There are 4 protein chains.
Amino acid sequence: MIKAGIIGATGYAGQELTKLLNKHPKVIIEFLSSNSYSGKPFSEIYPHFIGIIDKVLISTDDALKKIPDIDVLFTALPHGTAFDFVKKAFDSGIKVIDLGADFRLNDIETFENWYKTKHTAKDLLEKAVYGLPELWKDNIKGSQIIANPGCYTTASILALAPALKLKLIDAETIIVDAKSGVTGAGRKADIPLLFSECGESVKAYGIASHRHTPEIEQELSKMYGSKVQITFTPHLIPMQKGILSTCYAQIAGSYSKEEIHQLYKDFYKDAPFVRIREDYLETRFVKDTNYCDISIWTDKRTNRLIVTSALDNLVKGASGQAVQNMNIVFGFDEKEGLC
Amino acid sequence: MIKAGIIGATGYAGQELTKLLNKHPKVIIEFLSSNSYSGKPFSEIYPHFIGIIDKVLISTDDALKKIPDIDVLFTALPHGTAFDFVKKAFDSGIKVIDLGADFRLNDIETFENWYKTKHTAKDLLEKAVYGLPELWKDNIKGSQIIANPGCYTTASILALAPALKLKLIDAETIIVDAKSGVTGAGRKADIPLLFSECGESVKAYGIASHRHTPEIEQELSKMYGSKVQITFTPHLIPMQKGILSTCYAQIAGSYSKEEIHQLYKDFYKDAPFVRIREDYLETRFVKDTNYCDISIWTDKRTNRLIVTSALDNLVKGASGQAVQNMNIVFGFDEKEGLC
Amino acid sequence: MIKAGIIGATGYAGQELTKLLNKHPKVIIEFLSSNSYSGKPFSEIYPHFIGIIDKVLISTDDALKKIPDIDVLFTALPHGTAFDFVKKAFDSGIKVIDLGADFRLNDIETFENWYKTKHTAKDLLEKAVYGLPELWKDNIKGSQIIANPGCYTTASILALAPALKLKLIDAETIIVDAKSGVTGAGRKADIPLLFSECGESVKAYGIASHRHTPEIEQELSKMYGSKVQITFTPHLIPMQKGILSTCYAQIAGSYSKEEIHQLYKDFYKDAPFVRIREDYLETRFVKDTNYCDISIWTDKRTNRLIVTSALDNLVKGASGQAVQNMNIVFGFDEKEGLC
Amino acid sequence: MIKAGIIGATGYAGQELTKLLNKHPKVIIEFLSSNSYSGKPFSEIYPHFIGIIDKVLISTDDALKKIPDIDVLFTALPHGTAFDFVKKAFDSGIKVIDLGADFRLNDIETFENWYKTKHTAKDLLEKAVYGLPELWKDNIKGSQIIANPGCYTTASILALAPALKLKLIDAETIIVDAKSGVTGAGRKADIPLLFSECGESVKAYGIASHRHTPEIEQELSKMYGSKVQITFTPHLIPMQKGILSTCYAQIAGSYSKEEIHQLYKDFYKDAPFVRIREDYLETRFVKDTNYCDISIWTDKRTNRLIVTSALDNLVKGASGQAVQNMNIVFGFDEKEGLC
């Protein structure tokens, strides 16, 4: 049994993580912290867990002090606010899995340009590994700081990694058109996120400017072996959970749908949470699971590859992936506590 | 006052058309027909209209006989089933506006390939005009057969027509990623369209094979002056009405977002139902209206144009456009009876 | 043509009212005011109306000064904040229709108990008429201050008024169980109103304590001729617009469903916006209309009457009713500008 | 480990049951049967389970033959179709848990009147126990045939059982107003269940005639000690899962909210899946769990008790309860495999 602490337990990702860790057979939750709700039971904020997780939320200050007592720290915080917690964990020799954006981009400048904020833990940046297990499992095993990928990012990278690694596509032609449920925007009291506003409607937003863009590009570039730039367009659609990513690129040479399908199956043969599917994907098929479903399509008339991927933004796109990373780091079965 | 008849009044497009015509100050509805519900009042199928449109639905056989008594016929039928009605109207010297697909494709072979059905009114095909008023208003004025465009099609063509006409983009790089509400699939008792199935989920479907593809290509090719092929991906999202089309293409040369925005405004300066917007679009802003909103975005890093367009699939994407066409044909104000 | 001003134009009721008045053939909108958005065009807050209602919102201070220039003032404000505007209108000899709660309760004490706020316009209270046209049309005609009923209230009173007036039920056994869409809670940035929270869920709230209770009781008591007390339970359900009210009471004596149905039809024979229906009601059938649908059911086994009523909370439950009242006050056709 | 078979595995309740049993640590699924989909893998109908439950569905004929090989049979079938399977199981000495309605009503006549169908297993009826563990745990333990309660029924009976058992209310004044998500209507290709129809709308249906009425009355009568008749009104609301039941009755004598709350807590002190809550309930708090939340309210002005209860119609309202019953029958921990 290992002891875990969660900082930022009452956001949507934090809540889903709390739920998963609470059921995990090898984990004891040592503390849950929240800035807004400290002093209250977790189950008061999320009454789903009355009688199940009634642990009282502590302040982040108290959480900071308790870091040395645990085996693994999870931070689920807005960008630019996890630096101190990660430092403290690192200095205490504790493993830390950051669900936020602060350690995902290897390049400081890229981080500061896209996030418009100073990075105050540069020295730790090179010690962090990008926690996408399907690509970096070995690195994750030995690392102390895991930068858990974003939701759009996980869907998009997993959809395109094999095609770039295997040079199946022209890297200059990549377009990612992604559709997300509303929990992806977080638990914020904002007018545009009201049921009365975003219900029965769809919108594109963050066009050519969304912060997940450089993260996707960084990982795709590693796969490809040289710099990849993409166009990424997120959309908000009227559902609570789920992301569908529709990715387009020109096929480099000639590959059939069946060939590419097989190459993807081979690429992910050791990835227990990737399902290469033959049919159309629907986000409901991965809801509340840690799966990322992927399906391959070709447009013969234009020689284009279309890859769709689907995941639950709060599970494989956040907390499920964090648990998967924890499992790997601690030598547990990768699927332990996940479904 | 003109007299109108509707064949297929109880599908979603037919219902919306009935509603619009009933309020139109220059139209009397002479008959409403339905195969499934003939003999019943329209308001029994759509109780919204109790006390408002209680007219009894007639059979399509009876409708066929009544065609000579009216001034304009609307057909809102599944593809491959409007031929006889359009013929009868044409032979009777009656204007006909077909909301289905039977007269939209100028090329018989293309029709028969994509729709897998025989076209039995080839002679009338060349007499039909593609009823997208923003592009073909003058032709519509003098025509007797109007092929009213599809919903995905209207959104996509209006989004890309100026860019192709003005050669702002590389025509070989066009990708259209469209998102539609569920009424777009029609009023069919199909398991996948149940609230319990398609709620809280999103899917892509008809990838590289949807029948609106050749229709979009036909019109974009006319704009461009030579053959255009695109990749078109429709998506089903959990809302009832609305389409958002996100269109991508490489910019040919260098144009700023502002320049393209202005060129679009100029292009559509006489189109009362196109709004060139500066902000992100949401389908709710055009719901229950005949507007098609368009906004222009550029991705400088990849020199790509992203055009988004939004409309109500049952209004500007079907029945509103049909009324707009009727207004043009009969010399009414183009906006009469529409909002 | 009459000139109208709206104070509180950017709440959901205010917006729907603006939309209705803008289309009304006998009204010119003289001003729209908003505390939060003054100085901005109305269409910036509601982009639906770009090119349609671009009028710049003025401050409530400026609105107050302009009251003498108009013929009718609409106030759509939170309770306890309309007093000054109504006074100013009254003193200026201007008709005023208040969509809020400040003038609905005839009894000051009841108001102050339920709303926990001081009433600062007691003298005007007795000059105000309760603006439910189906019951008080004649009084409305001659009145200068119209207290426009609430949404739950309209649905519930119309459902029960005939039964009480005609003594069909035991007045001590009335239970009203109402279900409302989320716009009923207003346009507030509250966590519980987020799509991610109130989607896919239902709750009862305000049990035995909702402020619409004394309003319903006041009107039912007038119908009955003596004091009526009810149990009223509102519910929030995951849709944007609409209220369904399910009302229960013991039948006093023996009446069949058919008899009561006929008595209701007779009672509302001059009410153009009440439809006594024979089938199950659905709120979608009255959406975006000023109708209140009512249907009658009996439970023979328990000798109980069950009356269901359905309306659009923002139209017949707020702004449509306000327009209906305006039509009556100014001698227009009661249905003018409404559907 | 026990071996289980499911007949009717592809309806919504059957699917949820399959999911639960597949995870249950003490159960092996021996067979899954389906009339519509036999020969196909379960995961083809529900792609959620690709790689998880790929078992091929067998026909009901084949299932019938396999009954002797298992330890427990679950039947999840439309009413009137489970008789033969239950007989076969009974005759084979196999425990059977019927999720349908065929063995819930003790009185044949009542069954035949409300279900308009002949009961062809009368002799087994008296051997069946009504499988609501919170009331009949001891009987369930020793029984071979368990009639698993319906969804509306479970919510309503649990809400009212203590009040009747303890004579807190006047039994002649009970009204149950229940709100259900759309999965409650089953997986049927019906127009009224389409997203485009029942989305954004609410309706009452089955007023004074719903088949769950006699089932609720039977159990409440047992609690009360003499015949209880109620008025029951179900409503369909636009969400997928969940039931909220709002129950009304006159308080017999004088009890405070706090007293009744405490009496309910005592009544359910050994019921691990009932949570007596102090706040407003929301169905999302019990979604995907086997909990039934209950909260107590009083209307002092009218001396009425209002009890609300919330559950997941497919879990505590169907398959979760079936697993709970199985756990009891086989002496497992009542909570095993449930959450």
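Just so it is clear, the structure is predicted and the values come from calculations on it, not from any experiment.

Trainee: Let's hear about the overall build of chain A: which residues, and what values?
Mentor: Looking only at helices and strands, one finds twelve helices and 13 strands in chain A. Taking 2.2 N^0.38 as the reference for a compact globule, 339 residues should give roughly 20 Å; the C-alpha atoms of chain A span a radius of gyration of 19 Å, in line with that estimate. Seen along its three principal axes, the alpha-carbon backbone of chain A occupies a region of about 60 × 45 × 40 Å. For chain A, buried positions account for 66% of its 339 residues.

Trainee: Report on the environment of isoleucine 276 of chain B, specifying residues and quantitative values.
Mentor: All names here are of chain B. Along the chain, the position of isoleucine 276 falls in strand β11 (residues 274–277). The sequence separation of isoleucine 276 and threonine 154 amounts to 122 residues, and the corresponding C-alpha distance is 15 Å. In this structure isoleucine 276 touches His261, Tyr264, Lys265, Tyr268 and Ile294, once residues within four positions along its chain are discounted.

Trainee: Go over the relation of the copies chain B and chain A, please, and point to the residues and values.
Mentor: Note on the copies: chain B fits chain A at an RMSD of 0.0 Å, the axial shift is 0.0 Å, and the rotation between them is 180°. Both chain copies can therefore be described as sitting about a two-fold axis. Of every C-alpha in chain B, the one belonging to proline 238 of chain B sits nearest the axis of rotation, 3.1 Å from it. An overlap of 100% is found between the interface residues of chain B and their copies at the interface of chain A, pointing to a shared contact surface.

Trainee: I'd like to hear about the interface of chain D and chain A, residue by residue, with values.
Mentor: Contact residues are listed per partner, giving 16 residues for chain D and 16 residues for chain A. Between chain D and chain A, roughly 1400 Å² of surface is buried when both sides are summed, and carbon and sulfur atoms account for 56% of that area. At the junction of chain D with chain A, the criterion picks out zero salt bridges. When the residues that make up the side of chain D that touches chain A are grouped by side-chain class, the tally is eight nonpolar, one polar and seven charged.

Trainee: Account for the sheet that holds strand β6 (residues 145–147) of chain A, with residues named and values stated.
Mentor: Residues and elements named next belong to chain A. Within the open sheet, the six strands sit side by side as β2-β1-β3-β4-β6-β5. Their pairing is parallel. The two strands at the open ends of the sheet, each matched to only one other strand, are β2 (27–33) and β5 (128–130). Geometrically, the sheet is characterised by an average inter-axis angle of 20° between neighbouring strands, direction not taken into account. Both strand β1 (residues 2–7) and β2 contribute to a ladder of six bridges, which runs parallel. Across the sheet, residue glycine 5 finds its bridge partner in β2, namely phenylalanine 31. In the packing of helix α4 (residues 83–91) onto the sheet, the strands contacted are β1, β3 (72–75), β4 (95–98) and β6, and the crossing angle to β3 comes to about 170°. Along the sheet, helix α12 (residues 315–329) contacts β1, β2, β3, β4 and β6; its crossing angle with β4, the most-contacted strand, is approximately 160°.

Trainee: How would you explain the relation of the copies chain D and chain A if you had to name every residue and give the values?
Mentor: Taken as rigid bodies, chain D and chain A are interconverted by a rotation of 180° and an axial shift of 0.0 Å, the fit giving an RMSD of 0.0 Å. In this assembly the copies share their binding face: 100% of the residues contributing to the interface of chain D also contribute to that of chain A.

Trainee: For the domain arrangement of chain A, give the residues involved together with the corresponding values.
Mentor: All names here are of chain A. Its domain assignment divides chain A into domain 1 (2–126) and domain 2 (151–313). Between domain 1 and domain 2, the C-alpha centre-to-centre distance is 27 Å. Of the residues lining the interface, 15 residues belong to domain 1; the matching set on domain 2 comes to 14 residues. Its largest share of buried area at the contact with domain 2, domain 1 owes to Tyr12, Arg104 and Trp114, together 50% of the area lost on that side. Where domain 1 packs against domain 2, one counts two salt bridges.

Trainee: Talk me through the side chain of glutamate 16 of chain A; I want residue IDs and the actual numbers.
Mentor: Counting through the fold element by element, glutamate 16 of chain A comes out in helix α1 (residues 12–23). Side chain to side chain, glutamate 16 of chain A and lysine 241 of chain A meet in a polar contact 3.2 Å long.

Trainee: So what's going on with helix α12 (residues 315–329) of chain D? Residues and values would help.
Mentor: Residue and element names in this part refer to chain D. Under the 1.5 Å per step criterion, the end-to-end length of α12 is only 18 Å for 15 residues, more than 12% shorter than the ideal 21 Å. Of all the bends in α12, the greatest measures close to 45° and is centred on glutamine 321. Immediately beyond the C-terminal end of α12, within one or two residues, lies glycine 331, with a positive phi of roughly 75°.

Trainee: I'd love a proper account of the interface of chain B and chain A, names of residues and values included.
Mentor: Chain B puts 48 residues into the contact, and the matching count from chain A is 48 residues. Buried area between chain B and chain A, summed over both chains or domains, comes out near 4100 Å², and the portion from carbon and sulfur atoms is 52%. For the pair chain B and chain A, the interface holds ten salt bridges. Joining chain B to chain A, the criterion identifies 36 residue pairs in polar contact (both at pLDDT 80 or more). If you list the elements that add at least two residues to the side of chain B that touches chain A, you get β7 (175–180), β8 (203–204), α10 (212–224), β9 (231–236), β10 (243–250), β12 (292–299) and β13 (304–311) of chain B. Here the side of chain B that touches chain A gets four residues from one element, more than from any other, and that element is β7 of chain B. Split into classes, the residues belonging to the side of chain B that touches chain A amount to 19 nonpolar, 15 polar and 14 charged.

Trainee: Just give me the short version of the pattern of salt bridges, but keep the residues and values in it.
Mentor: Considering all chains together, one arrives at 87 salt bridges over all chains under this definition. Notably, a salt bridge pairs glutamate 282 of chain A with lysine 203 of chain B, separated by 3.8 Å at the nearest N-O pair. Here lysine 203 of chain B lies in strand β8 and glutamate 282 of chain A lies in the loop between β11 (274–277) and β12 (292–299), a pairing that spans two chains. An identical accessibility class is assigned to glutamate 282 of chain A and lysine 203 of chain B; each is buried. Taken together, the salt bridges that share partners define one network made up of Arg187 of chain A, Glu197 and Lys203 of chain C together with Glu282 and Arg284 of chain D.

Trainee: Summarise helix α4 (residues 83–91) of chain D; cite the residues concerned and give the values.
Mentor: Buried within α4 of chain D are the following residues: Phe83, Phe85, Val86 and Ala89 of chain D. Positive phi appears at glycine 93 of chain D, one or two residues downstream of α4 of chain D, with a value of about 75°.

Trainee: Describe the environment of leucine 164 of chain A, and please don't skip the residues or the numbers.
Mentor: Here leucine 164 of chain A shows up in helix α8 (residues 151–165). Placed 132 residues apart in sequence, leucine 164 of chain A and leucine 32 of chain A show a C-alpha to C-alpha distance of 40 Å.

Trainee: Got a sec to walk through a positive patch on the surface? Specific residues and values, please.
Mentor: Positive charge collects at one region of the surface, where Lys19 and Lys23 of chain A together with Lys19 and Lys23 of chain D lie side by side. The topology assignment puts lysine 23 of chain D in helix α1 (residues 12–23). With relative accessibility at 51%, the residue lysine 23 of chain D sits in the exposed group.

Trainee: Quick rundown of the pairing of strand β7 (residues 175–180) of chain C? Include the residues and the values.
Mentor: Residue and element names in this part refer to chain C. By the criterion of burial, β7 is predominantly enclosed, with six of the six residues buried. In terms of strand pairing, β7 meets strand β9 (residues 231–236) through six bridges, oriented parallel. Following the sheet pairing, lysine 179 is matched in β9 by histidine 235. Relative to strand β10 (residues 243–250), β7 runs antiparallel, the two being bridged by six bridges. If you follow serine 180 over to β10, its bridge partner there is isoleucine 243.

Trainee: Tell me what's going on with the environment of glycine 39 of chain D, and back it up with residues and numbers.
Mentor: Residue and element names in this part refer to chain D. Inspection of the secondary structure puts glycine 39 in the loop between β2 (27–33) and α2 (42–45). The exposure class of glycine 39 is exposed, given its relative accessible area of 54%. A sequence separation of 262 residues divides glycine 39 from arginine 301, and the C-alpha atoms of the two residues are 61 Å apart. In this view, glycine 39 contacts Val56 and Leu57; residues no more than four positions away in its chain are not counted.

Trainee: Go over the packing of aromatic side chains with me, naming the residues and quoting the values.
Mentor: Scanning all chains against the criterion turns up 42 aromatic pairs over all chains. For the pair phenylalanine 330 of chain C and phenylalanine 332 of chain C, a centre-to-centre distance of 6.0 Å together with 25° between the ring planes defines the contact as stacked. Using a relative accessible area of 24% as the deciding quantity, one classes phenylalanine 330 of chain C as partly exposed. Ring pairs connect the aromatic residues Phe83, Phe103, Phe111 and Tyr115 of chain A, which therefore count as one cluster. The side chain of lysine 167 of chain B reaches across the aromatic face of tyrosine 224 of chain B, ending 4.5 Å from its centre. In this structure, arginine 275 of chain C is placed above the aromatic ring of tyrosine 291 of chain C, and the distance from its NZ or CZ to the ring centre is 4.1 Å.

Trainee: Hey, could you go over the sheet that holds strand β7 (residues 175–180) of chain D for me, with residue numbers and the actual values?
Mentor: All names here are of chain D. Read from one edge of the open sheet, seven strands run β8-β9-β7-β10-β13-β12-β11, paired in mixed fashion. Edge strands, defined here as strands with exactly one partner in the open sheet, are β8 (203–204) and β11 (274–277). With eight bridges connecting them, strand β12 (residues 292–299) and strand β13 (residues 304–311) associate as antiparallel partners. Among the inter-strand pairings, tryptophan 297 is bridged to a residue of β13, identified as isoleucine 306. Sitting on the sheet, helix α11 (residues 257–267) is in contact with β11, β12 and β13, with an inclination near 155° to β12.

Calculation notes
Residues numbered from 1 in each chain as written. Chains lettered and ligands numbered in written order. Predicted model: local features only at pLDDT ≥ 70, side-chain atom pairs only at ≥ 80, totals over all residues. Heavy atoms only, no water. Helix = DSSP H or I, 4+ residues; strand = E, 2+ residues; numbered from the N terminus. Rg over C-alpha atoms; globule rule 2.2 N^0.38 Å. Buried < 20%, exposed > 50% of the residue type's maximum accessible area, 1.4 Å probe, protein only. Contact = heavy atoms within 4.5 Å. Least-squares fit on C-alpha atoms with pLDDT ≥ 70 in both. Buried area = accessible area lost by both parts, 1.4 Å probe. Salt bridge = Lys/Arg side-chain N within 4 Å of Asp/Glu carboxyl O. Nonpolar A, V, L, I, M, F, W, Y, C, P; charged D, E, K, R; others polar. Pairing = 2+ DSSP bridges. Axes fitted to C-alpha atoms, helices over the stretch in contact; angles between N-to-C directions. Domains from an automatic or database assignment. Polar contact = N/O pair within 3.5 Å; in protein donor to acceptor, adjacent residues only side chain to side chain. Expected span 1.5 Å × (residues − 1). Bend = angle between axes of the 7 residues up to and from the residue. Patch = residues over 30% accessible without salt bridge, like charges linked within 9 Å, V, L, I, M, F, W, Y side chains within 5 Å. Areas by Shrake-Rupley, 256 points an atom, 1.4 Å probe, with all protein chains shown as cover. Lys, Arg positive; Asp, Glu negative; His and termini not counted. Charge placed at Lys NZ, Arg CZ, Asp CG, Glu CD. Phe/Tyr/Trp six-rings, centres within 6.5 Å; stacked < 30°, edge-to-face > 60°. Lys NZ or Arg CZ within 6 Å of the ring centre and 35° of its normal.

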